[in-house]
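Per-entry structural report
The residues making up each chain are set out below.
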Amino acid sequence: MEQSDVIIVGAGAAGLSLAHHLAGADGPGEPPAVTLVEALDAALRPPERTWCFWEEGDGEFEDAVAASWRWLRVVGRDGSGSVHRPAPYRYKMIRSTAFRELVERRLARRGGVRTVHADVDTVRDVRGGAEVSGTADGGRRVTLRARWVFDSRPPRELPRARSTLLQHFRGWFLRTEAPAFDPDVALLMDFRTPQPRPGSRSATCSRPARTRRWWSTPSSPPPR
């Protein structure tokens, strides 16, 4: 049975971020020994995606930032809009593949984190920590133990009186014959889109590139 200080189940944004910080943790003694468990089945791995967030100045993942904007536009249901600059913050976008490659390069240099490919089916508490079990290549059973386990996968069942927020983004890449969009302004929200039943909300967002392209949700017409 293989032993670690920390086991991280899932190599998405949360799992990779935690592994990155643990590998570079400052403090007395050696950094913890970390085992990162990534899904063996490609269908269980998260698909290519983008993450957007606010940040002041340059951050530790700046090398993976694909685009950033100083100005943001919000459009109301009546079509009226306003543009604001959220200084000193910038709105940044990272692509999951670039983030993964950056973190993996850093982890390889630092050491202390090993990756195991297995489809995890059980996470349970045991004396002195927790145990993770799953199936590896060829149907081989794998059992790992650690003092702490972080399971980054969404819970199958929510606790009582708790709800979950599901966000679904669908869209198009549009290309124009001439420049049509302001690459310095991101459309944060456009509430002219039809609104569903009470309890949920729908809006359009766009991330203009510095080429003649524009990304939009299907319910939004391209700017004129």
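Look up: the structure comes first, before these words.
Now for a look at the structure at hand.

Parameters and conventions
- Residues numbered from 1 in each chain as written.
- Predicted model: local features only at pLDDT ≥ 70, side-chain atom pairs only at ≥ 80, totals over all residues.
- Heavy atoms only, no water.
- Salt bridge = Lys/Arg side-chain N within 4 Å of Asp/Glu carboxyl O.
- Helix = DSSP H or I, 4+ residues; strand = E, 2+ residues; numbered from the N terminus.
- Buried < 20%, exposed > 50% of the residue type's maximum accessible area, 1.4 Å probe, protein only.
- Contact = heavy atoms within 4.5 Å.

A few words on the pattern of salt bridges. Applying the stated criterion to the full structure yields 9 salt bridges. Between lysine 92 and glutamate 55 there is a salt bridge; the shortest N-O distance is 2.9 Å. Here lysine 92, found in strand β7 (residues 89–95), pairs with glutamate 55, found in strand β3 (residues 50–56); they are 37 residues apart in sequence, far enough to count as distant. The exposure class of lysine 92 is buried, given its relative accessible area of 1%.

A few words now on helix α1 (residues 13–23). Within the span of α1, buried status applies to Gly15, Leu16, Ala19, His20, Leu22 and Ala23. Contacts made by the buried residues of α1 are with β1 (2–9), β2 (34–38), α2 (96–110) and β8 (113–117).

Note on placement: aspartate 63 falls in the loop between β3 and β4 (65–69). The exposure class of aspartate 63 is exposed, given its relative accessible area of 67%. On a C-alpha basis, the gap between aspartate 63 and phenylalanine 99 in space is 8.5 Å, while along the polypeptide they are 36 residues apart. Not counting residues within four places of it along the chain, the set of residues in contact with aspartate 63 comprises Leu102 and Arg106.

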